[in-house]
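As a plain string of letters, each chain reads:
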Amino acid sequence: MDGFELLRTFSEVASQGSFSRAAARLGISKASVSKHVATLESRFNVRLLNRSTRSVSLTDAGRLLQARCAPLMELIEQTTSELQARGSHPSGRLLITAPHGMVQTAFPRLLGDFLTCYPDVQLDLKLSNRMIDLVDEGVDIALRFGRIGDENLIVRRLRRMGLTLCATPRYWARRGIPLQPDDMRKHDVLAYSVTPGPPQIAFEVDGQPYNVPIRGRMDSNDASALIGAALADIGAVCVPDLLAQPYVEGAHLVPVLQDFMPSDVWLYAAYTQRRQNSAALRALLEMLELRMRDSVPSPAALAGAAVAPHA
């Protein structure tokens, strides 16, 4: 039995925590997966997996092999992908996810132009304001807005975006103007709710991220709804500059703590290590970088943008 195939099978079982899921990923039978692992254990004369009727877990020896195996499998897969892509042209299907509001920007036209340039590529666009796990849902590329904090993703920064923390003059007069980020702990805040966990505002103090827990009067994954509530004098809201600008210029909303707002906030494209060598993906990323950096997403797009978890 090929040693690489044995290690590849073990690595998939260790990653999936299941013989059945590993078999499905590898396109072989569950019996073959079990045989490959048993052969590997026999060669090393060690037990690599603890098996039960419901679960599979790694032994100490199994954890050691997985740690050594993972970078090797990644290198082989990357090399294979690069060799297959060399001399080829963009083709195949790409699954893309983006916030609902992106359809109100030049983004759909960009995708149309991309398909014109690369007739052998098919696109599957899924619009969602929630944070999607790219690996679990098989997504090739995700457009997101926020601070880049997921170390498991590769990102291309498309353009920098600012944030504005603001409320109506009447609200600030009633509750007091905050002078420091921690002052927001006593305020009512209308917060984005695209990730699990208690609501918070991401500030920047001395160049470092500083998250302040807040009392959320209202949560939403769409900033338009939050601004509408803020205009009713019930709380402060932290939204993209472009969305707040018309209300700030009209004196309907007053910004505060601008010196503490994070500077590292972007509209960006995210993708995984495993998918980065697709010729079609590389071509789409290049077009996104070229076209998006010269365009400004509309307030409607940013209103519906899924905001990434803060680092």
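Quick caveat: nothing in here was measured; it's all calculated off a predicted structure.

### Comments concerning the packing of helix α2 (residues 19-26) against helix α3 (residues 30-44)
Point 1. Packing of α2 against α3 leaves a shortest axis separation of 8 Å and a crossing angle of 105 degrees. In terms of axis orientation, α2 runs roughly perpendicular to α3. Of the residues in α3, those touching α2 at Phe 19, Ser 20, Ala 22 and Ala 23 are Lys 30, Val 33, Ser 34 and Val 37.
Point 2. Of the residues contributing to the contact of α2 with α3, the split by class is five nonpolar, two polar and one charged.

### What about the pairing of strand β12 (residues 236-240)?
Point 1. For β12, a buried count of five out of five residues is recorded, marking the element as mostly surrounded by other parts of the structure.
Point 2. Where strand β7 (residues 163-167) meets β12, four bridges bridge the pair, whose relative direction is antiparallel. By the bridge assignment, Thr 164 is partnered in β12 with Val 239.
Point 3. Inspection of the sheet shows strand β8 (residues 188-192) paired to β12 by two bridges, in the parallel sense. Its bridge partner lying in β12, Val 189 is registered against Ala 236.

### Quick word on the sheet that holds strand β3 (residues 92-98)
Point 1. The strand order β4-β3-β5-β14-β6 describes an open sheet built from five strands, whose pairing is mixed. Edge positions in the sheet fall to β4 (121-127) and β6 (153-160), since each of these pairs with one other strand and no more. Pairwise comparison of adjacent strand axes, ignoring direction, gives a mean angle of 25 degrees for this sheet.
Point 2. Of the strand pairs in this sheet, strand β5 (residues 141-146) and strand β14 (residues 266-272) are connected by five bridges, and their pairing is antiparallel. Across the sheet, Arg 144 pairs through a bridge with Tyr 268, a residue of β14.
Point 3. The strands touched by helix α5 (residues 107-117) within the sheet are β3, β4 and β5, with β4 carrying the most contacts at an inclination of about 165 degrees.
Point 4. Running over the sheet, helix α9 (residues 279-292) touches β3, β4, β5, β6 and β14 and is turned about 20 degrees from β6.

Rules behind the numbers
- Residues numbered from 1 in each chain as written.
- Predicted model: local features only at pLDDT ≥ 70, side-chain atom pairs only at ≥ 80, totals over all residues.
- Heavy atoms only, no water.
- Axes fitted to C-alpha atoms, helices over the stretch in contact; angles between N-to-C directions.
- Helix = DSSP H or I, 4+ residues; strand = E, 2+ residues; numbered from the N terminus.
- Parallel < 35°, antiparallel > 145°, perpendicular 65-115°, else oblique.
- Contact = heavy atoms within 4.5 Å.
- Nonpolar A, V, L, I, M, F, W, Y, C, P; charged D, E, K, R; others polar.
- Buried < 20%, exposed > 50% of the residue type's maximum accessible area, 1.4 Å probe, protein only.
- Pairing = 2+ DSSP bridges.

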